[in-house]
Amino acid sequence: MIKFDKVVKRFGDLTVLNKLDFEVQRGEKVSIIGPSGSGKSTVLRILMTLEGIDGGVVTVDGEPLWHEKAPDGTLKPASETHLRKMRTQLGMVFQQFNLFPHMTVLRNITEAPVKVLGLSKKEARQRAEELLELVGLADQAQKYPGQLSGGQKQRVGIARALAMRPNILLFDEPTSALDPELVGEVLNVIRKLADEHDLTMLLVTHEMRFAKEISDRVCFFDRGRIREEGTPEELFTDPNEDRTREFLAAVLDEAPGTTG
Ligand SMILES: Nc1ncnc2c1ncn2[C@@H]1O[C@H](COP(=O)(O)OP(=O)(O)OP(=O)(O)O)[C@@H](O)[C@H]1O
């Protein structure tokens, strides 16, 4: 469903992704863990077409994301039309929620389906109401984001991403801006999605216990490459690489209550 083939990403002199090879199968739930600055969020931002690439090819559901096939079969840089089309396959849940503060919860969720997918207001509203039910916020539709707790805002963020019916859902540290007592309610919603839907999910997280619980596979990122990957049992219980072991020891030591 997702393939990074020798992908290079630079910011000025800094090479953030260094010929990254990475794949996610359809329906797979994959977590990315790793030290700060290792390029985890950049992978999601590239998929969301928020950042371009400097080398290699990214493929989503068999089609190049940042390229288009020319008539002679070669790849040329993607047009805005191609990017817009590809973008509809992906939804993203952001660390800082990114809700529109001047719109009600309902409008936050209906806006893109109406504007981008061309749904009627009625259809979009019906879809939004179902999703608010799913995330446990059916009674908050007319509130503004400023009237909600962080956990509620993030659940709206999840409903908003799902309203576009993406095939792939990306989570960028969805609980790291939340007070500890609000983390659980957001993780419960993500857990429910993982259990009940065949969405492909890619999650960047510092919640080690959660990554262990919901992932089919965990990838340890270090300096723009996958240093080690495996099932949660393999990676958390018996990592092969010293670097993985050091990282896990440090994070598990730092916050045993949330990461253990
Ligand atoms: N727009 C940008 N301009 C310049 N440098 C950037 C930009 N975005 C990210 N970087 C740098 O790229 C590197 C990787 O960033 P990225 O956000 O992908 O890391 P990360 O692994 O998600 O880290 P964290 O866990 O702290 O969020 C960092 O050194 C960051 O400072």
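As recorded by an unreviewed UniProt entry, the chain carries the name Ectoine/hydroxyectoine ABC transporter ATP-binding protein EhuA and is attributed to Devosia oryzisoli. Under the UniProt heading Subcellular location (unreviewed entry), the note attached to the chain is "Cell membrane". Per UniProt, the chain carries the Sequence similarities (unreviewed entry) text "Belongs to the ABC transporter superfamily."

Novice: Is there a simple way to explain the packing of aromatic side chains in this structure?
Specialist: Geometrically, a pair of aromatic rings is defined through the distance of the ring centres and the angle of the planes. Per the stated rule, a full pass over the model turns up three aromatic pairs. When the ring of Phe22 is compared with that of Phe221, the centres are 6.3 Å apart and the planes differ by 90 degrees; the resulting orientation is edge-to-face. You can see Phe22 sitting in strand E2 (residues 14-24) and its partner Phe221 sitting in strand E11 (residues 217-222), a full 199 residues away along the chain. Residue classification places Phe22 among the buried residues on the basis of a relative accessible area of 3%.

Novice: Would you mind showing me how to read the environment of Gly146 here?
Specialist: Of note, Gly146 is situated in the loop between helix H4 (121-134) and helix H5 (150-162). Gly146 gets classed as exposed once you look at its relative accessible area, which sits at 72%. Spatially, the C-alpha atom of Gly146 lies 6.7 Å from that of Pro101, the residues being 45 residues apart in sequence.

Novice: How should I be thinking about the side chain of Asp222 in this particular structure?
Specialist: In this fold, Asp222 is placed in strand E11. At 3.3 Å, the side chain of Asp222 forms a polar contact with the side chain of Arg243. Beyond its immediate chain neighbours, meaning those up to four positions away, Asp222 contacts Pro35, Ser38, Arg227 and Arg243.

Novice: When you look at the nonpolar core in this model, what are you seeing that I'm missing?
Specialist: Side chains of nonpolar character tend, in soluble globular proteins, to be buried together. Counting 35 residues, the largest nonpolar core has Ile109, Leu132, Ile158, Leu169, Phe171, Ile190 and Met201 as the members making the most contacts within it. Elements that contribute at least two residues to this core include exactly helix H3 (105-115), H4, H5, strand E9 (168-172), helix H6 (180-196), strand E10 (200-204) and helix H7 (208-214). With eight residues, the single largest contributor to this core is H6. Counting 34 residues, the second-largest nonpolar core is a separate cluster that includes Val30, Ile46, Leu170 and Leu202.

Novice: What exactly am I supposed to notice about the site of the ligand here?
Specialist: Not every one of the 14 residues close to the ligand is listed here, only the nearest: Ser36, Gly37, Lys40, Ser41 and Thr42. Within the side chain of Ser36, an N or O atom sits 2.6 Å from an oxygen atom of the ligand. Here Thr42 contributes a side-chain N or O atom positioned 2.5 Å from an oxygen atom of the ligand. Protein chains shield 60% of the accessible area of the ligand, which is 640 Å² for the free molecule. Residue assignment for the shell around the ligand shows that the elements contributing at least two residues are E2 and helix H1 (40-47). Sorting elements by how many residues they give to the shell around the ligand places H1 first, with three residues. For the shell around the ligand, the class distribution of residues is four nonpolar, seven polar and three charged.

Novice: Would you mind going over the sheet that holds E2 with me for this structure?
Specialist: Either a parallel or an antiparallel arrangement is found when strands of a sheet pair, and the pairing is made through backbone hydrogen bonds. Overall, antiparallel pairing links the four strands, which are arranged E2-E1-E4-E5 in an open sheet. Because the sheet does not close on itself, it has two edges, and the strands there are E2 and strand E5 (63-64). Bridge count between strand E1 (residues 2-11) and E2: seven bridges; the pairing is antiparallel. Bridge pairing in E2 links Val7 to Leu20. Contacting E1, E2 and strand E4 (55-60), H1 runs over the sheet at an angle of about 110 degrees to E1.

Novice: How should I be thinking about unusual backbone geometry in this particular structure?
Specialist: Glycine aside, residues mostly have negative phi angles, and peptide bonds mostly take the trans form. For Asp61, which is not glycine, the phi dihedral falls at a positive 50 degrees. On the secondary structure map, Asp61 appears in the loop between E4 and E5. Of the residues examined, Asp61 reaches a relative accessible area of 34% and is grouped as partly exposed. The backbone of Arg223 sits at a positive phi, close to 50 degrees, despite the residue not being glycine. Secondary-structure assignment places Arg223 in the loop between E11 and strand E12 (225-230).

Novice: Help me understand the pattern of salt bridges in this model?
Specialist: If the charged atoms of two oppositely charged side chains come close together, the side chains can form a pair. Under the counting rule described, the total for this entry stands at 18 salt bridges. Of the charged contacts, one joins Asp61 and Arg26 as a salt bridge, the two residues approaching to 2.7 Å between their closest N and O atoms. Of the two residues, Asp61 sits in the loop between E4 and E5 while Arg26 sits in the loop between E2 and strand E3 (29-33), which places them 35 residues apart along the sequence. Counted as one network, the salt bridges with shared partners bring together Asp222, Arg227, Glu241, Arg243 and Glu246.

Definitions and limits used
- Residues numbered from 1 in each chain as written.
- Predicted model: local features only at pLDDT ≥ 70, side-chain atom pairs only at ≥ 80, totals over all residues.
- Heavy atoms only, no water.
- UniProt positions renumbered as here; feature names shortened; annotations may be inferred.
- Phe/Tyr/Trp six-rings, centres within 6.5 Å; stacked < 30°, edge-to-face > 60°.
- Helix = DSSP H or I, 4+ residues; strand = E, 2+ residues; numbered from the N terminus.
- Buried < 20%, exposed > 50% of the residue type's maximum accessible area, 1.4 Å probe, protein only.
- Polar contact = N/O pair within 3.5 Å; in protein donor to acceptor, adjacent residues only side chain to side chain.
- Contact = heavy atoms within 4.5 Å.
- Core = buried A, V, L, I, M, F, W, Y, C linked by side-chain atoms within 4.5 Å.
- Near = heavy atom within 4 Å.
- Areas by Shrake-Rupley, 256 points an atom, 1.4 Å probe, with all protein chains shown as cover.
- Nonpolar A, V, L, I, M, F, W, Y, C, P; charged D, E, K, R; others polar.
- Pairing = 2+ DSSP bridges.
- Axes fitted to C-alpha atoms, helices over the stretch in contact; angles between N-to-C directions.
- Salt bridge = Lys/Arg side-chain N within 4 Å of Asp/Glu carboxyl O.

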